[in-house]
Amino acid sequence: ARERADMVGSSFITDANFYIWITEAHQKLHGLLVDALGEQYMYELASFTTSLGQIDFAVPCCFYKLYGVDMEINGEIVPLKPFTLAERNRYRNLDGNSSEAPMYSLSGNNIKLYPVPPAGLSGEIMYAPEATRLTLSTDQVSYPNGWERFIVIDAAIQALLKEESSVTALSAERELILQEIRDAKEQRDLANPMKVVDVHCDEYWYR
């Protein structure tokens, strides 16, 4: 980053400044790839178990974005459907002891389930984690297609802005990387094309 900003040996920008900008750029890049590639880029799973009267279930501490919620009902894994704020009372007033799957809503740091599910059901949250926090100067990151260079260029841009110098050339280079990421959004799994999914009628409901 110092080399790209032409600040090698300069004391105007400290290493501490660069560490902050590198961490911020790392978080930006992680968010861009999650938005562009979704679960094809990265996902993790977290399990939970229902308790009597419980409707709120905490997401993991490193939670960034939700991909889906599954629950085992009558021996089968069922994908839960989301409900909107306007629908909350429709599902809250249903009998939670029925064999139908509850609906979910993501609210802050919790997954809310309506109707209240019976105790003892196993569930799983599929989610994108936050970017790994960088705390040491020796920490490393790895991104596909050499996109780590986004971090270098973005940190160099922040340094030049602080120096009130031109960032035109580096901004253009950063935009090329952003365009690469946007292009990759179309399809990462080239073995199987994307397909239309009927979100209203999955196979579980026809058994």
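Here the structure is shown first, and the text comes after it.
Rules used in this analysis
Counting from 1, residues in each chain are numbered in the order their sequence is written. Residue-level local features of this predicted model are given only where pLDDT is at least 70; pairs of side-chain atoms are given and counted only at 80 or more, and the full residue set underlies all totals for whole chains, interfaces and linings. Here the side-chain values reflect all heavy atoms present in the structure, with hydrogen atoms and water set aside. Paired strands, as defined in this entry, are two strands with at least two bridges between them according to DSSP. Counting from the N terminus, the helices are DSSP H or I runs at least four residues long and the strands are E runs at least two residues long. Convention adopted: a line fitted to C-alpha atoms gives each axis, helices being fitted over their contacting stretch, and angles between N-to-C directions are expressed from 0 to 180 degrees. The contact criterion used is simple: two residues touch if any of their non-hydrogen atoms lie within 4.5 Å. Roughly parallel means an angle under 35 degrees; roughly antiparallel means over 145; roughly perpendicular covers 65 to 115; every other angle is labelled oblique. Crossings are classed by handedness, with left-handed meaning an anticlockwise turn of the near helix from the far one by less than a right angle and right-handed meaning a clockwise turn. For this scheme, ten residues count as nonpolar: Ala, Val, Leu, Ile, Met, Phe, Trp, Tyr, Cys and Pro. Four count as charged, namely Asp, Glu, Lys and Arg, and the remainder, Gly too, count as polar. Joining through side-chain atoms within 4.5 Å is the link that ties buried Ala, Val, Leu, Ile, Met, Phe, Trp, Tyr and Cys residues into a set, and such a set is a nonpolar core. Each residue's exposure class comes from its accessible area (1.4 Å probe, protein chains only) as a fraction of the maximum for that residue type: buried when under 20%, exposed when over 50%, partly exposed otherwise. Salt-bridge detection follows one rule: a side-chain nitrogen of Lys or Arg within 4 Å of a carboxyl oxygen of Asp or Glu.

## Section: the sheet that holds strand S3 (residues 63–73)
Okay, step 1: Read from one edge of the open sheet, four strands run S1-S8-S3-S4, paired in antiparallel fashion. Of all the strands in the sheet, just strand S1 (44–49) and strand S4 (76–79) have a single pairing partner and so form its edges. Within this sheet the neighbouring strands show an average axis-to-axis angle of 30°, counted without direction.
Okay, step 2: Pairing analysis gives six bridges linking S1 to strand S8 (residues 122–129), with the strands arranged antiparallel. Following the sheet pairing, Ser47 is matched in S8 by Glu124.
Okay, step 3: Each of S3 and S8 touches helix H1 (residues 15–37); the most contacted strand, S3, lies at about 45° to it.

## Quick word on the packing of helix H3 (residues 149–162) against helix H4 (residues 168–184)
Okay, step 1: As a packed pair, H3 and H4 sit with axes 10 Å apart at the nearest point and diverge in direction by 150°. In terms of axis orientation, H3 runs roughly antiparallel to H4. Judged by the sense of rotation from one axis to the other, the crossing of H3 with H4 is left-handed. Packed against H3, whose contacting residues are Arg149, Phe150, Ile153, Asp154, Ala156, Ile157, Gln158 and Leu160, the element H4 presents Leu170, Ser171, Glu173, Arg174, Ile177, Leu178 and Glu180 at the interface.
Okay, step 2: The residue makeup of the contact of H3 with H4, split by class, is eight nonpolar, two polar and five charged.

## Observations concerning the nonpolar core
Okay, step 1: Leu29 and Leu33 are the most contacted members of the largest nonpolar core, which has 28 residues in total.
Okay, step 2: Broken down by secondary-structure element, the contributors of at least two residues to this core are H1, H3 and H4.
Okay, step 3: The residues touching Leu29, leaving out its near neighbours within four places in the chain, are Tyr143, Trp147, Glu148, Phe150, Ile151 and Ile181.
Okay, step 4: Counting 17 residues, the second-largest nonpolar core is a separate cluster that includes Phe57, Val59, Leu80 and Leu113.

## So, the packing of H1 against H3
Okay, step 1: One way to put it is that H1 packs onto H3 with a least axis distance of 8 Å and a crossing angle of 130°. Here H3 runs oblique to H1, going by the angle between their axes. Both H1 and H3 take part in a crossing whose hand is right-handed. Each of Asn17, Phe18, Trp21, Ile22, Ala25, His26, Lys28, Leu29 and Leu32 in H1 lies in contact with H3, whose residues at this interface are Phe150, Ile151, Asp154, Ala155, Gln158, Ala159 and Lys162.
Okay, step 2: For the contact of H1 with H3, a count of residues per class yields 10 nonpolar, three polar and three charged.

## Description of the pattern of salt bridges
Okay, step 1: Under the defined criterion, the tally for this structure stands at nine salt bridges.
Okay, step 2: A salt bridge links Arg2 to Asp15, with the shortest nitrogen-to-oxygen separation between them at 3.1 Å. Within this pair, whereas Arg2 is found in the segment before H1, its partner Asp15 is found in helix H1, the two being separated by 13 residues in sequence.
Okay, step 3: Close ionic contact of Arg149 with Glu180 constitutes a salt bridge, the shortest N to O distance being 2.8 Å. Separated by 31 residues along the polypeptide, Arg149 in helix H3 and Glu180 in helix H4 bring together distant segments of the chain.
Okay, step 4: For Arg149, a relative accessible area of 29% translates into the label partly exposed.

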